[in-house]
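Coordinate inspection notes
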Amino acid sequence: MEKILNRKHVLFLVGMTMIIVSIATQFNHYHTEKETMQAVNNFINNGSIPINSNNNEQFIMVLEIPKISLKKGLYNISSQYNDVDQNIQIIKDSKLSSNDISSLILVGHSGNSKIAYFNDLHKLSLKDNIYIYYNRHKYIYELTTIYDIPKTGYFYPENSSQHIITLITCKNNSKDLQAVYVGKLIKKLRVSKTDT
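Residues numbered from 1 in each chain as written. Predicted model: local features only at pLDDT ≥ 70, side-chain atom pairs only at ≥ 80, totals over all residues. Heavy atoms only, no water.

**Topic: the overall build of the chain**
Stated precisely, the cut-off is as follows: Helix and strand definitions here come from DSSP, where helices need a minimum of 4 consecutive H or I residues and strands a minimum of 2 consecutive E residues; each element is numbered from the N-terminal end. Remark: exposure states derive from per-residue accessible area (1.4 Å probe, protein chains only) relative to the maximum for the residue type, with buried under 20%, exposed over 50%, and partly exposed in between. The contact criterion used is simple: two residues touch if any of their non-hydrogen atoms lie within 4.5 Å. Reported accessibility uses the Shrake-Rupley method at a 1.4 Å probe radius. Residues are deemed covered only where the shown protein chains occlude them.
Within the chain one finds 1 helix and 10 strands. The buried share of the chain, reckoned over its 196 residues, is 38%. A separation of at least 24 residues holds for 54% of the contacts in the chain among residues at least 6 apart in sequence. Working note: accessible area of the chain is about 12,100 Å², and carbon and sulfur atoms make up 53% of it.

Put into structure tokens, the structure is as follows:
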């Protein structure tokens, strides 16, 4: 009888420990995300460079899609954190420029994991806005095209004489297709009042 009680006691303690660890992990994740969102919002409002408190690395730009309440800091192309399994990834074929024609290609996961930042892209419609905050400017894109491509691991960006943004994610309920969302730049605004 004593062995049964000790066994139940041990199982109870193990269960409680797992619950406490889970709660602490969730709290830490929430706290880190809250600090990151404050930095992202500060960047949006006044152009200051946000630093992710989780890894102490600077974001180079912020992506915002108001319709789906997405705001996310993006890392430099050469950063180890510029990886689809950690964040929204800027593809190396992207051409980033404040003045010349640019083509920004972003890839993100869909699904139900905590890194499924592009899970709600399917809710977007033509003419919805996508914002990029970069180099103290706000770039306002209008969604002009939505289409599917086979999931091959390759994407060939369209040649354009305009600034464009391309968002790519797995198509919901399909293992063989990716959804592609293309927006064209319609306005560029200065974010910060001070020049540096």
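Now that the structure has been shown, we can carry on.
**What to know about the sheet that holds strand β6 (residues 103-107)**
Selection criterion: Pairing between strands is defined by DSSP: at least two bridges between them are needed.
Read from one edge of the open sheet, 8 strands run β4-β3-β7-β8-β10-β9-β6-β5, paired in mixed fashion. Where the open sheet ends on each side, the last strands, each with one partner, are β4 (70-74) and β5 (89-90). Examined bridge by bridge, β5 and β6 share 2 bridges and lie antiparallel to one another. Its bridge partner being in β6, glutamine 89 is matched across the sheet by valine 107.

**Observations regarding unusual backbone geometry**
Most peptide bonds take the trans configuration, and most residues that are not glycine carry a negative phi. Of note in the backbone geometry, lysine 127 takes a positive phi value of approximately 80 degrees without being a glycine. One can find lysine 127 in the loop between β6 and β7 (129-134). Accessibility expressed as a relative area gives 61% for lysine 127, which makes it exposed. If you check the backbone angles, arginine 136 has positive phi at about 65 degrees while not being a glycine. Checked against the element boundaries, arginine 136 lands in the loop between β7 and β8 (137-150).

**Observations concerning the packing of aromatic side chains**
Just so we agree on the cut-off: Here is the rule: rings of Phe, Tyr and Trp (six-membered ring for Trp) pair when centre to centre is within 6.5 Å. Planes less than 30 degrees apart are stacked, more than 60 are edge-to-face, and the remainder are tilted. Whether a charge sits over a ring depends on NZ of Lys or CZ of Arg being within 6 Å of the ring centre and within 35 degrees of the ring normal.
Inspection of every chain in the model, using the stated rule, returns 2 aromatic pairs. Ring centres of phenylalanine 59 and tyrosine 75 lie 4.9 Å apart, and the angle between their planes is 45 degrees; on these two criteria the pair is classed as tilted. One end of the pair, phenylalanine 59, is in the loop between β2 (57-58) and β3 (61-65); the other, tyrosine 75, is in the loop between β4 and β5, with 16 residues separating them in the sequence. Taking the relative accessible area as the measure of exposure, tyrosine 75 reaches 3% and is therefore buried. An angle of 40 degrees between the planes, with centres 5.5 Å apart, marks the rings of tyrosine 75 and tyrosine 81 as tilted. Residue tyrosine 81 is classed as buried on the basis of its relative accessible area of 18%. Taking the ring centre of tyrosine 131 as reference, the NZ or CZ of lysine 138 above it sits at 4.0 Å.

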